[in-house]
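One letter stands for each residue in the lines below.
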Amino acid sequence: MKRPLSLLICLLVPFVLLVMGLFFGAVYGYREIPPLFEESGRGLANPKFDVHLPEAGKYTVWLSTYTVYEGTEYEAAELLPSGARVMAFDTETNKELPLSSWTSASKNLGRETSVSIGNFETLRPDTTVQILADGLREPLVLSVASTKVSKTFQVIFTLVAILVISLLLAIVSLIILLHRRQRQLQLQHDQI
């Protein structure tokens, strides 16, 4: 006669599955989330700086509202000063890349905070873009980062999928093991 499954085993197996899922989700997030926040370049808009963009695509120009750049602390309002504007130019063609500012975003990375000024698109890989600020009284720290909306949604979807699948596996294994234990206990009770 088989001994019924231990209650500890019935609880431990689902717990291990859940912890493994959380571990894999954390490892995936640790590996995939930081590249979403990487900047292509940053500089002091006093009045201009160049940024090399390795890939074609959409990019966002960020205004650092609080940052430490080259050892100096910079703070700025969440809007450009009155009369100031920021432009992006392709250095090879010397054409202006129009900045569209129909969406506004902000990001906080540790103590650093930034707000988006606008988005532009490059059609060629390996492009150098000049960021030029006009009408500033004080220098501002600006940065350029790739706009990775589809990659962000892909990472979020994958993380949610990992967590949901591990939770479902843990619940299903708990139900199966408890049901099996109950059947074994019933058989043992019937044989007595």
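Let me begin by describing the structure that accompanies this report. (Residues numbered from 1 in each chain as written. Predicted model: local features only at pLDDT ≥ 70, side-chain atom pairs only at ≥ 80, totals over all residues. Heavy atoms only, no water.)

1. Quick notes on the overall build of the protein chain
Put simply, the rule reads: Helix and strand assignments come from DSSP, with helices taken as H or I runs of at least 4 residues and strands as E runs of at least 2, each series counted from the N terminus. Computation of the radius of gyration draws on C-alpha atoms alone. For the globule rule, the value is 2.2 Å times the number of residues to the power 0.38. When accessible area is computed with a 1.4 Å probe and restricted to protein chains, residues below 20% of their type maximum are described as buried, those above 50% as exposed, and intermediate ones as partly exposed. None of His or the chain ends enter the tally, which takes Lys and Arg as positive and Asp and Glu as negative. A charge is said to be at NZ when it belongs to Lys, at CZ for Arg, at CG for Asp and at CD for Glu.
Counting secondary structure elements, the protein chain contains two helices and ten strands. When the helices and strands of the protein chain are read in sequence order from the N terminus, they spell out α-β-β-β-β-β-β-β-β-β-β-α. The C-alpha atoms of the protein chain give a radius of gyration of 27 Å, which is well past the 16 Å a tight globule of 192 residues would have. Structurally, the protein chain occupies a C-alpha span of about 90 × 35 × 30 Å along its principal axes. Here the protein chain holds 192 residues, and 32% of them are scored as buried. Averaging the positions of the 17 positive and the 18 negative side-chain charges in the protein chain gives two centres separated by 16 Å.

2. Some words on the packing of helix α1 (residues 7-32) against helix α2 (residues 149-191)
Two quantities define a packed helix pair, namely the angle between the helix axes and the distance between the axes. Our working rule: Inter-axis angles, ranging from 0 to 180 degrees, are taken between N-to-C directions of lines fitted to C-alpha atoms, where helices are fitted over the stretch in contact. Orientation is classified from the angle alone, with under 35 degrees giving roughly parallel, over 145 giving roughly antiparallel, 65 to 115 giving roughly perpendicular, and any other angle giving oblique. Any residue that is not Ala, Val, Leu, Ile, Met, Phe, Trp, Tyr, Cys, Pro, Asp, Glu, Lys or Arg is counted as polar, Gly included; the first ten are nonpolar and the last four charged.
Axis separation between α1 and α2 bottoms out at 8 Å; the angle between their running directions is 175 degrees. Taken together, the axis directions place α1 and α2 in an arrangement best described as roughly antiparallel. Grouping the amino acids of the contact of α1 with α2 by side-chain chemistry returns 21 nonpolar, seven polar and three charged.

3. Looking at the packing of aromatic side chains
The geometry of an aromatic ring pair comes down to the distance between the two centres and the angle between the two planes. So the rule is basically this: Side-chain rings of Phe, Tyr and Trp, where Trp is taken by its six-membered ring, are said to pair if the distance between their centres is within 6.5 Å; with planes under 30 degrees apart they count as stacked, over 60 as edge-to-face, and otherwise as tilted. By definition, being over a ring means that NZ of Lys or CZ of Arg is both within 6 Å of the ring centre and within 35 degrees of the ring normal.
Tallied over the full model, the rule gives two aromatic pairs. Measuring from centroid to centroid gives 5.9 Å for Tyr 59 and Phe 120, while their planes differ by 20 degrees, and the two rings are stacked. Of the two residues, Tyr 59 sits in strand β3 (residues 57-69) while Phe 120 sits in strand β8 (residues 112-122), which places them 61 residues apart along the sequence. Phe 120 matches Tyr 59 in its accessibility class, with the two residues each being buried. For the cation-ring pair, Lys 107 lies above Trp 62, with the distance from its terminal atom to the ring centre recorded as 4.6 Å.

4. What to know about the nonpolar core
This is how it is decided: To define a nonpolar core, start from buried Ala, Val, Leu, Ile, Met, Phe, Trp, Tyr and Cys residues and group those joined through side-chain atoms within 4.5 Å. Whether two residues touch is decided by their heavy atoms; if any such pair falls within 4.5 Å, the residues are in contact.
Counting 19 residues, the largest nonpolar core has Phe 120, Ile 131, Leu 142 and Val 144 as its most contacted members. Contacts of Ile 131, omitting those with residues within four sequence positions, involve Pro 47, Lys 48, Phe 49, Val 51, Val 61, Val 86, Met 87, Ala 88, Leu 142 and Val 144.

5. Things to note about the environment of Pro 4
Tracing the backbone shows Pro 4 in the segment before α1. Taking the C-alpha atoms as reference, Pro 4 lies 72 Å from Phe 49; in sequence the two are 45 residues apart. When residues no more than four places from it in sequence are discounted, the contact partners of Pro 4 are Arg 181, Gln 184, Leu 185 and Gln 188.

Read these as geometric descriptors, not functional statements.
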